[in-house]
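As a plain string of letters, each chain reads:
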Amino acid sequence: MTALNRVPSLMARAGTASAFAIAAVGGSIVIPGVAADAAAATPATKALQVAASKKGAPYKWGAAGPKRFDCSGLTMYSFKKAGKTLPRTAAQQYNKTRHISASSRKAGDLVFFHSGSNVYHVGIYAGHGKIWHSPKTGSWVKLEKIWTKSVWYGRVR
């Protein structure tokens, strides 16, 4: 029996598993708001993973990473890392996406906050009614529940 084959039995005896042990046997680690490995191949789920990896990065108006972000800077940066190009502002990003219904939304889609026809904020949908976003001055990149019904959804092409 190889060392790799013994890992599951060692984990069962110990009752817990380290991230290293899980990775060694081809398992996956679940991070709230981040897509599972099976879906990780799509640009949308890759962008979602990038946004989640920036958790705690401070908000700065006009910043597009890699250490500080405003809302559209975070989405632009995340999708760029996933191989997709987005324009700079939330409104421009809305105009560039394929508009979808709330019932069609998937993790990795963009969530656009609006007042009337004015788009003023954007985040990346994480599933379960939550988004990764960089909300405002004095705050940071975080996972947060969508707080209003005044949202539109867009899928990056």
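Our structure's up above, just so we're on the same page.
Remember, predicted model here, so these are calculated numbers, not experimental data.

Q: Outline the overall build of the protein, supporting the account with residue identities and numerical values.
A: The helix and strand tally for the protein stands at five helices and six strands. Listing the helices and strands of the protein from first to last along the sequence gives α-α-α-α-α-β-β-β-β-β-β. Within the protein, the fraction of its 157 residues that count as buried is 38%. Taking the intrachain contacts of the protein between residues at least 6 apart in sequence as the baseline, contacts between residues at least 24 apart amount to 48%. Of the roughly 9,000 Å² of accessible surface on the protein, 57% is carried by carbon and sulfur atoms.

Q: Give me the sheet that holds strand E4 (residues 130–133): which residues, what numbers.
A: On the basis of which strands lie adjacent, the open sheet formed by six strands has the order E1-E6-E2-E3-E4-E5 and antiparallel pairing. The strands lining the two open edges of the sheet, one partner per strand, are strand E1 (98–100) and strand E5 (142–145). The sheet shows a mean angle of 45 degrees between the axes of neighbouring strands, direction not considered. Packed onto the sheet, helix H3 (residues 43–53) meets strand E3 (118–127) and E4 and runs at close to 100 degrees relative to E3.

Q: Which residues make up the side chain of Ser72, and what values go with them?
A: Note that Ser72 resides in helix H4 (residues 71–81). Apart from residues no more than four positions distant in its own chain, Ser72 is found in contact with Arg88, Thr89, Ala90, Gln93 and Val122.

Q: Please give an account of the environment of Gln49 that cites residues and values.
A: Structurally, Gln49 is set in helix H3. By relative accessible area, Gln49 is classed as partly exposed at 24%. For the pair formed by Gln49 and Ala126, sequence separation is 77 residues and the distance between their alpha carbons is 9.4 Å.

Q: So what about the packing of aromatic side chains? Which residues, and what values?
A: Taken as a whole and assessed by the stated rule, the structure comprises five aromatic pairs. Chaining the aromatic ring pairs together yields one cluster made of Tyr94, Phe112 and Trp152. The ring of Trp140 has Lys142 sitting right over it, with the charged end atom 4.7 Å from the ring centre.

Q: Any chance you could break down a positive patch on the surface for me, citing the residues and the numbers?
A: A cluster of basic residues, Lys96, Arg98, Lys106 and Arg157, forms a positive patch at the surface. Looking at where Lys106 falls in the secondary structure, it is placed in the loop between E1 and strand E2 (110–115). Look at Lys106 and you get exposed, because its relative accessible area is 51%.

How each quantity is defined
- Residues numbered from 1 in each chain as written.
- Predicted model: local features only at pLDDT ≥ 70, side-chain atom pairs only at ≥ 80, totals over all residues.
- Heavy atoms only, no water.
- Helix = DSSP H or I, 4+ residues; strand = E, 2+ residues; numbered from the N terminus.
- Buried < 20%, exposed > 50% of the residue type's maximum accessible area, 1.4 Å probe, protein only.
- Contact = heavy atoms within 4.5 Å.
- Areas by Shrake-Rupley, 256 points an atom, 1.4 Å probe, with all protein chains shown as cover.
- Pairing = 2+ DSSP bridges.
- Axes fitted to C-alpha atoms, helices over the stretch in contact; angles between N-to-C directions.
- Phe/Tyr/Trp six-rings, centres within 6.5 Å; stacked < 30°, edge-to-face > 60°.
- Lys NZ or Arg CZ within 6 Å of the ring centre and 35° of its normal.
- Patch = residues over 30% accessible without salt bridge, like charges linked within 9 Å, V, L, I, M, F, W, Y side chains within 5 Å.
- Salt bridge = Lys/Arg side-chain N within 4 Å of Asp/Glu carboxyl O.
- Lys, Arg positive; Asp, Glu negative; His and termini not counted.
- Charge placed at Lys NZ, Arg CZ, Asp CG, Glu CD.

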